[in-house]
Amino acid sequence: MTQASLQTLVLVNAMLSILLCAAFCVAWRMLLRLRRLFQEIAPVGALTNARGPQPGDVCPGGAFATLDGQSMALAGGAMPRLLLFVSATCPISRKVIPIARNVCARERLDFVLAGDDTAAVQEHFAHQTGTEPARFINDPALGRALEVDKLPAAFLLDQQGVLIARGLVNNREHLESLLNAWESGFDTVQAYITHSRKAGRTAG
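Throughout what follows, the structure given in this document is the object of discussion. (Residues numbered from 1 in each chain as written. Predicted model: local features only at pLDDT ≥ 70, side-chain atom pairs only at ≥ 80, totals over all residues. Heavy atoms only, no water.)

Scanning the protein for helices and strands turns up 6 helices and 7 strands. When the helices and strands of the protein are read in sequence order from the N terminus, they spell out α-β-β-β-α-β-α-β-α-β-β-α-α. Within the protein, the fraction of its 204 residues that count as buried is 34%. Residue pairs at least 24 apart in sequence account for 67% of intrachain contacts in the protein once pairs closer than 6 positions are excluded. Accessible surface computed for the protein: about 12000 Å², of which carbon and sulfur atoms make up 60%. (Helix = DSSP H or I, 4+ residues; strand = E, 2+ residues; numbered from the N terminus. Buried < 20%, exposed > 50% of the residue type's maximum accessible area, 1.4 Å probe, protein only. Contact = heavy atoms within 4.5 Å. Areas by Shrake-Rupley, 256 points an atom, 1.4 Å probe, with all protein chains shown as cover.)

So, about the packing of aromatic side chains. Here the structure, examined in full by the defined rule, presents 2 aromatic pairs. Here Phe85 and Phe155 contribute two aromatic rings whose centre-to-centre distance is 5.7 Å and whose plane-to-plane angle is 70°, an arrangement assigned as edge-to-face. On the criterion of sequence distance, the pair formed by Phe85 in strand E3 (residues 81-85) and Phe155 in strand E6 (residues 153-157) is long-range, its members being 70 residues apart. With a centroid separation of 6.4 Å and an interplanar angle of 75°, the aromatic rings of Phe125 and Phe136 are classed as edge-to-face. One end of the pair, Phe125, is in helix H3 (residues 119-128); the other, Phe136, is in strand E5 (residues 136-138), and 11 residues separate them in sequence. We note that Phe125, like Phe136, is buried. (Phe/Tyr/Trp six-rings, centres within 6.5 Å; stacked < 30°, edge-to-face > 60°.)

As a further point, take the pairing of E3. Most of E3 sits out of view: 5 of its 5 residues are buried. A two-sided burial pattern is seen for E3, the buried positions comprising Arg81, Leu83 and Phe85 on one face and Leu82 and Leu84 on the other. The parallel pair E3 and strand E4 (residues 110-115), bridged by helix H2 (residues 91-107), forms a crossover whose chirality is right-handed. (Right-handed = clockwise from strand over helix to strand, strands pointing away.)

Listed below in structure tokens is the structure:
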């Protein structure tokens, strides 16, 4: 190999090394930007409704009819309660019910379904979803009192019937956002994220 060829090879290797270092720096900056982007957009919490009882309000008193012919009050349970409004004609309801049941078992929450369809339809739906009739409130008065207009709608209540959090839930992340709001002391997970961002800017 001639001296000129050797110098050319060294020069090419040096240029490749510079290009690799530049590519690494660009990739690192892109990674940092992506991390910041995900911090800005996640997590997505349950969509809250400005109508009806809000977190901190006492939910409607009285007892509401269940599918077993008995009745159930929202207050007075041994554990906090997740009340999930569903419908047999709503495919998202069918998807969310087992997820909600799993979350409640893990977090030690009392799980109750609610709706306002005919008794025959609800009994068939309860059988399909493995829900005990005593754990299924089928009373249109409850939906009117809580002003439920879209499904599936979840209400997290404490033992005294005070509303902790509420929102439309389509997946596990939405359900867990209700718990996050409860644990953080904020009404919604969106409020918690906003507070965290402000605190981060102040600290920075």
